[in-house]
Amino acid sequence: MKKILMLLILFILIGCGKAELKDKKNENNSITDIDRLLGEWESIEDKFIVEIANTNKKNIYKLKFSGEDSNATDLNADDATLSNPNENLYVFKSDNKDLEYTFNFEDDENVTFLFNTIEKDITGTSKPIKMKKIIQ
């Protein structure tokens, strides 16, 4: 009986330890996955560039908009909080505007970008914009 009890305790301890390691690994992957989004992305259809850069604050990123045809927004730059990191979908909420920016990975070099208002009185969503990574 003591052997069975010891084996059960040992099994529980080993199983819990592995689950803890798996959770830590997933946390680390989600932190580094944002790195593939950092850099400059150019619209395939328009002459429009979005640069995504780190700031010195946790989960806050600088989004800079430039190009000949930057119809997607009137902003030059915006600080945005990463609110929904996922394997292929990254959603940022503007810190000083009522906008939400969405980047959906098609593959490592291509994303679909769109933004929408999150203010209750004013609603609207941009057309999806296909973008290709130009600078990491």
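Look up a bit, the structure's there.
Residues numbered from 1 in each chain as written. Predicted model: local features only at pLDDT ≥ 70, side-chain atom pairs only at ≥ 80, totals over all residues. Heavy atoms only, no water.

**A word on the overall build of the protein chain**
Stage number 1. In terms of regular secondary structure, the protein chain is built from 1 helix and 8 strands.
Stage number 2. Residues counted as buried form 29% of the 136 residues belonging to the protein chain.
Stage number 3. Sequence-distant contacts in the protein chain: of pairs separated by 6 or more residues, those separated by 24 or more amount to 32%.
Stage number 4. Working note: accessible area of the protein chain is about 9300 Å², and carbon and sulfur atoms make up 53% of it. (Helix = DSSP H or I, 4+ residues; strand = E, 2+ residues; numbered from the N terminus. Buried < 20%, exposed > 50% of the residue type's maximum accessible area, 1.4 Å probe, protein only. Contact = heavy atoms within 4.5 Å. Areas by Shrake-Rupley, 256 points an atom, 1.4 Å probe, with all protein chains shown as cover.)

**A look at the nonpolar core**
Stage number 1. Within the largest apolar cluster, 23 residues are counted, with the highest numbers of intra-cluster contacts made by L37, I52, F92, Y101, F103 and F113.
Stage number 2. Elements with a minimum of two residues in this core: β2 (49-54), β3 (60-66), β4 (77-82), β5 (89-94), β6 (99-107), β7 (110-117) and β8 (129-135).
Stage number 3. Per-element tally for this core: the top contributor is β6, with 4 residues.
Stage number 4. When neighbours within four sequence positions are excluded, F92 is seen to be in contact with I34, L37, Y61, A80, T81, L82, S83, L99, E100, Y101 and F103. (Core = buried A, V, L, I, M, F, W, Y, C linked by side-chain atoms within 4.5 Å.)

**With respect to unusual backbone geometry**
Stage number 1. For N59, which is not glycine, the phi torsion reads 65° and is therefore positive.
Stage number 2. Position of N59 among the secondary structure elements: in the loop between β2 and β3.

**Quick notes on the side chain of E100**
Stage number 1. Checked against the element boundaries, E100 lands in strand β6.
Stage number 2. Under the relative-accessibility criterion, E100 is labelled buried at 17%.
Stage number 3. For E100, the contacting residues outside a window of four places in its chain are V91, F92, K93, L114, F115, N116 and I118.

**What to know about the packing of aromatic side chains**
Stage number 1. The full count for this structure, using the stated rule, is 11 aromatic pairs.
Stage number 2. Here the aromatic rings of F48 and F65 are separated by 6.3 Å at their centres, their planes lie at 5°, and the arrangement is stacked. In this pair, F48 sits in the loop between β1 (39-43) and β2 while F65 sits in strand β3, placing the two residues 17 residues apart along the sequence.
Stage number 3. The exposure class of F48 is buried, given its relative accessible area of 1%.
Stage number 4. Relative accessible area serves as the criterion here: at 6%, F65 is assigned to the buried category.
Stage number 5. Measuring from ring centre to ring centre gives 5.9 Å for F92 and F103, while their planes differ by 90°; the resulting arrangement is edge-to-face. Of this pair, F92 sits in strand β5 while F103 sits in strand β6, and the two are 11 residues apart along the sequence. (Phe/Tyr/Trp six-rings, centres within 6.5 Å; stacked < 30°, edge-to-face > 60°.)

**Brief notes about the side chain of D78**
Stage number 1. The topology assignment puts D78 in strand β4.
Stage number 2. A distance of 2.6 Å separates the side chain of D78 from the side chain of S94, its partner in a polar contact.
Stage number 3. Among the polar contacts listed, one links the side chain of D78 to the side chain of Y101, at a separation of 2.7 Å. (Polar contact = N/O pair within 3.5 Å; in protein donor to acceptor, adjacent residues only side chain to side chain.)

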